[in-house]
Structures are given as C-alpha cells and as structure tokens.
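# Secondary and tertiary structure notes
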Amino acid sequence: MAKLHFYYGVMASSKSALLCINAYNLRRTDNKFEVIKPSIDNRDSTSKIVSRIGLSTDARALPNLDNYKPKRGTQFILIDEVQFFSPSDIDKLVQIADHSKITIICYGLVVDSNGNMFPASKRLFEANAEKHEIETVCEMPGCVNSANNHLRFDAKGNVIRGGSQVEVGASQYKSVCRQHFNSIYYGNPNFNLLAYIRDTKRRQK
Ligand SMILES: [Zn+2]
C-alpha cells in the first residue's frame, strides 16, 4: 500500500510553494511525477501552479478525477488545492494509493470562510490520509495565535457570511485564529476590516 499524504494549512501558509519545492526536488532526483490541480482554480494560468512567493511548476488542470489514470511509471502524484475536488475524487486517489506503488501528496485547505470543512478535505481525514499541518500565524494585526480559519471580506471591508465555498481570489481573505474567527464572524455583525486596521495602526503610533 502506497502512502496518501495531506498537507493542510490556511490560505497563504505556503502550501503551493511547498508543492513547487517538492516538484523541483523530484525532478532533480529523476523521479517520475505528475502535478494536478482542479480546473476550478484559475488564480493563474491553468497549466501552472504559481505560489504567492513566486515559485511555479507545470500542472494538469482537471475538472474531476473520473477519467484520471496516472501515466506508466509514475511514482508520485502531487495535487494542489485538493479541497476543490469532490469526495469521490478522493476515493479515486485512495484506490490508486491502495493498488499501486504511487505516493500521493495532496495540499489544501480544511475549513472554508464560514467555518465549515470542505467535503474533499473531510474525506481525506475519513480515509486516514497521513496528515501534516502547515502552521502559520493569525493575520489579524498583533495576534500571535496559529491560524486555522478564514474570514472573507468585500471591497469595503465587511465580512461576507455564507456564499460559495469555491470562490477563488475574487474577495479578500484573512487567515485567522479560532478566537478571531468566532469573535468577528459570530460576535460582531458590524466588524469592518479597514476600520480595524486603521484603529490598530493609530493605537500603535
Ligand atoms: Zn488571532
């Protein structure tokens, strides 16, 4: 049985950068690997994964894994933004891992901006994928807690509650700790990000 890994972390926790570094090392050591991403994510070009810090690697964008078959000799499959696939796509990956020698390494988010788990990420937990948390600090000014949630804001800095799980790049997201998520999402209907940042800066002067 081959390994199925899940590297998870919030947005901007350098998941895509980590994937690019892994791809670079696999290429350097002559391993045969494939890089896949859901075609729903077109933050950049559809045939590339581009990390926020500028690392990039070629990828195949697929709408789902229904007809996916790794090429002969593939040793590793790297998957970016795995949360945008479906639970049945994850089942397909489990099948590949359990019936071949291919190591599968998934990168993605666990929780959306309403505090709910993405179905594909949930399926990875259910399937007992080997989990690796990529930790990063809460993005609210002055907070040093580790981030595990997201808040989504409109252009005016107001919290967007509800809405689609698959909105990519259209709104402004902040990766926040549990405390900040609960106090803002549930506890403060009038919270405004721009005013909050302005006030924090004023206090720091
Ligand atoms: Zn915080």
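What comes next concerns the included structure. (Residues numbered from 1 in each chain as written. Predicted model: local features only at pLDDT ≥ 70, side-chain atom pairs only at ≥ 80, totals over all residues. Heavy atoms only, no water.)

Before going further, it helps to spend a moment on the pattern of salt bridges. Across all of its chains, the model carries seven salt bridges by this definition. Among the salt bridges present, the one from R123 reaches E126, with a minimum N-O distance of 3.0 Å. On the criterion of helical spacing, the pair formed by R123 and E126 is a turn pair, its members being three residues apart in helix α3 (residues 119-126). Owing to a relative accessible area of 25%, R123 belongs among the partly exposed residues under this scheme. Its salt-bridge partner being R202, residue D199 comes within 3.6 Å of it at the nearest N-O pair. Here R202 and D199 lie together in helix α5 (residues 193-204), a separation of three residues that amounts to about one turn. Judged by relative accessible area, D199 falls into the partly exposed class, the value being 34%. Among the ionic contacts, a cluster of salt bridges with common partners joins D91, K122, R123 and E126. (Salt bridge = Lys/Arg side-chain N within 4 Å of Asp/Glu carboxyl O. Helix = DSSP H or I, 4+ residues; strand = E, 2+ residues; numbered from the N terminus. Buried < 20%, exposed > 50% of the residue type's maximum accessible area, 1.4 Å probe, protein only.)

Moving on, we come to the nonpolar core. Here is a general trend for soluble globular proteins: nonpolar side chains tend to be buried in one another's company. Core analysis: the largest hydrophobic core is formed by 23 residues, its most contacted members being I79, I104 and C106. Listing elements by their share of this core, those giving two or more residues are β1 (4-8), β6 (76-79), α2 (87-98), β7 (103-108) and α3. The leading source of residues in this core is α2, at four residues. If we ignore the near neighbours within four places in the chain, the residues touching C106 are L4, H5, F6, Y7, I79, V82, L93 and L124. I184, Y185, F191 and L193 belong to the second largest nonpolar core, which has 13 residues in total. (Core = buried A, V, L, I, M, F, W, Y, C linked by side-chain atoms within 4.5 Å. Contact = heavy atoms within 4.5 Å.)

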